[in-house]
Every structure is written in structure tokens, then in C-alpha cells.
Amino acid sequence: MTVRSRCGRLPTGVLVLAVALGGVPPAAGAAPGPSARVPRALRVQVRAALPHDREAFTQGLELHDGLLYEGTGLTGRSVVTVGPVGGELSRRVALGAEFFGEGITVVGDRLWQLTWREGVAFERDARTLAELRRVRYEGEGWGLCAQPARLVMSDGSSTLFFRDPRDFGKRGSVTVTENGRPLERLNELECAADGSVYANVWPTDRIVRIDPASGEVTAAVDASGLLGPADRTEGVGVLNGIAHVPGTDEYLVTGKNWPWMFRVAFVSA
């Protein structure tokens, strides 16, 4: 997610570079809790840079059947779009002026879209983005992704909620811990093919990999340094947006109003 008060240029021809910076601990001086798993330290290795819409306040990002879906936020300016990666959009649908759009995910021929504080989830036709129905839920909506039999949702806390992809009903939850301690501000989510869940940690340059069965963070990715100083112009926001590239070890990552979207691999730090 999100605003909370939130309301360079890559050299020509550069397609491969590595951003190798040290990991950032969850809290200065914090020691692991009893029997805590120490997360693996990873960094991003950039494979390619693609243009990204500077007007997109990215809240959700997902690749499905070769198409890139993106949901954006801000009240009165929220949209959901779909189109080929790096190409022209094929569909663009705006939310009502009263809604602040949040995370999205595709399940078969349906797309689910969260809202921040309005308590409404939109179910849409994944091809046309036409609204099919609205479902109410309690609390805030931040990130959303889909596993084979359930949805995984974040609300900005340390909790991941599991929901039924058919009716958005609650199906349980798990507390996410890093070094044995709850990890707050889980934001945009990506459900990986191996069953793990990746999450942006707002408002940082960290991405964590979570075991949804135990809630433990198994790896922490340092994604700092993706944007150079020339790209950090007024209005450029935080890292937010993760989409796995099917059949590869790569992910698309971007941020709110970023000029670039990066195709990266997560490698040992």
C-alpha cells in the first residue's frame, strides 16, 4: 500500500547490472528471537529496464497469460490497466471518485481488486476489466495475490489473511515474523510458484519472502539503488509492485510514479 502521508536516467543500452548493497535489518540492534529462523540475505540483480508510467501510483502488479495487470491508487485517480509488458495498454478502467485502489490479483478469468479504507473488493472480468460485483470486507486493504486454492491479503499489519477466491470470504490468517518478531507494514504481495509469498515492506526498499504456513520470513531482499539520483524527481514514491515472470527466476519490480520497471532476479547478497 500506500499513502499514509505519502501522497538518474539509466544509461542507454544498459540491460544488465547488479545492485549489490548490504541487507537492512528489521530493527537496529534487534537480536533474533528464540528458535527464530535467520532469513537469507538477497539482493536484486537487474536483467533489464522497461519504461513505466510516471503517473501510475502503483498498488498492485501481476503477470498473467503474458499480460501485465497494474492497479493504481489515490482517491479519484485510481485505475486498473492491462496490456503487454512494455507495450500499449489494451484496457484501462477507472474506479469511482470515492475509491482509493489497492492490490490486485487474477484468478482464472476473474480479477480481484482491493480498496484502501472503503472496505470494498471489486470482482472483475480479467479480459475486459468490467466490474462483476462488489464484496464488503472489514479493515484496510493493501496487497493481494493468489495461490492455487486461496487468496492472500495484507492490511498493513503483520498479518496475512487467507480468503476464498470465489466469494472473498475469510479462510484464516497467519502472523508474519522476521527473526522471531512480528513484521509490520506488509504491502504489495506476489504469490510465487513454490508456495512462498513475497511482500514489499512499506515504506522501505525491502522485499521479504514469507512461508505462509508458518509466517516466517525466509529471505530478505535489498532492492535499494534501483533508481539513480536523476530519476528521483519530485513525486517519485516508494518501491511497490512485484510480479513473477512465469517460467523464470525473474520478477518485475517497480514503485509509485517510477519512470522504470525492472526485470530482476533475487540473488545471494
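The coordinates are above.
Here is a short report on the structure shown in this document. Since we're looking at a predicted model, the values are computed, not measured.

### Some remarks on the pattern of salt bridges
No. 1: On inspection of all chains with the given rule, the structure shows 13 salt bridges.
No. 2: Note that Asp249 and Arg47 form a salt bridge whose closest N and O atoms lie 3.8 Å from each other. Of the two residues, Asp249 is situated in the loop between strand S21 (239-244) and strand S22 (250-255) and Arg47 in strand S2 (residues 40-51); the sequence distance between them amounts to 202 residues.
No. 3: Put simply, Arg171 and Asp164 hold a salt bridge, and the shortest N to O gap is 3.2 Å.
No. 4: Residue classification places Asp164 among the buried positions, given a relative accessible area of 5%.
No. 5: Linked through salt bridges whose partners overlap, the residues forming this network are Arg47, Asp249, Glu250 and Arg263.

### Remarks on the sheet that holds strand S11 (residues 144-147)
Backbone hydrogen bonds are what pair the strands of a sheet, in a parallel or an antiparallel way.
No. 1: The strand order across the open sheet built from 4 strands is S11-S12-S13-S14, with neighbouring strands paired in antiparallel fashion. Looking at which strands have only one partner, the edges of the open sheet turn out to be S11 and strand S14 (170-175). With direction set aside, neighbouring strand axes in the sheet form an average angle of 25 degrees.
No. 2: By the bridge criterion, 4 bridges tie strand S12 (residues 150-154) to strand S13 (residues 159-163) in an arrangement that is antiparallel. Bridge pairing links Leu151 to Arg163 in S13.

### Some remarks on the state of the cysteines
Note on terminology: a disulfide is the covalent bond linking the sulfur atoms of two cysteines.
No. 1: What the rule picks out here adds up to 1 disulfide.
No. 2: Paired through a disulfide, Cys145 and Cys191 show a sulfur-sulfur distance of 2.0 Å. Judged by the sign of its S-S torsion, about 60 degrees, the cystine formed by Cys145 and Cys191 is right-handed. One end of the pair, Cys145, is in strand S11; the other, Cys191, is in strand S17 (residues 186-191), and 46 residues separate them in sequence.
No. 3: We classify Cys145 as buried; its relative accessible area is 1%.

### Topic: the pairing of S13
No. 1: By the criterion of burial, S13 is predominantly enclosed, with 5 of the 5 residues buried.
No. 2: Residues Thr159, Phe161 and Arg163 point to one face of S13 and Leu160 and Phe162 to the other, with burial holding for every one of them.
No. 3: Between S12 and S13, which pair antiparallel one after the other, the connecting turn spans 4 residues, and Gly156 there sits at a positive phi close to 90 degrees.
No. 4: Across 4 bridges, S13 lies against S14 in antiparallel orientation. Directly across from Thr159, in S14, lies its bridge partner Thr175.
No. 5: The turn linking S13 back onto S14 is made up of 6 residues, and Phe168 within it adopts a positive phi angle of 70 degrees.

### Quick word on the sheet that holds strand S10 (residues 131-136)
No. 1: One open sheet holds the 4 strands; their spatial order is S7-S8-S9-S10, and the pairing between them is antiparallel. Only two strands of the sheet have a single partner each, and these edge strands are strand S7 (101-107) and S10. Taking each pair of neighbouring strands and ignoring which way they run, the sheet shows an average axis angle of 20 degrees.
No. 2: Looking at chain direction, strand S8 (residues 110-115) and strand S9 (residues 120-125) are connected through 4 bridges and run antiparallel. Looking across to S9, one finds that Arg110 is bridged to Asp125.

### Section: the packing of aromatic side chains
No. 1: On inspection of all chains with the given rule, the structure shows 10 aromatic pairs.
No. 2: Judged by centre distance (5.8 Å) and plane angle (50 degrees), the rings of Tyr137 and Phe168 are tilted. Remark: Phe168 occurs in the loop between S13 and S14 and Tyr137 occurs in the loop between S10 and S11; sequence separation between them is 31 residues. Pair check on accessibility: Tyr137 and Phe168 agree, each one buried.
No. 3: Aromatic ring contacts, followed pair by pair, group Phe57, Phe100 and Trp116 into a single cluster.

What counts as what
- Residues numbered from 1 in each chain as written.
- Predicted model: local features only at pLDDT ≥ 70, side-chain atom pairs only at ≥ 80, totals over all residues.
- Heavy atoms only, no water.
- Salt bridge = Lys/Arg side-chain N within 4 Å of Asp/Glu carboxyl O.
- Helix = DSSP H or I, 4+ residues; strand = E, 2+ residues; numbered from the N terminus.
- Buried < 20%, exposed > 50% of the residue type's maximum accessible area, 1.4 Å probe, protein only.
- Pairing = 2+ DSSP bridges.
- Axes fitted to C-alpha atoms, helices over the stretch in contact; angles between N-to-C directions.
- Disulfide = S-S within 2.5 Å.
- Phe/Tyr/Trp six-rings, centres within 6.5 Å; stacked < 30°, edge-to-face > 60°.

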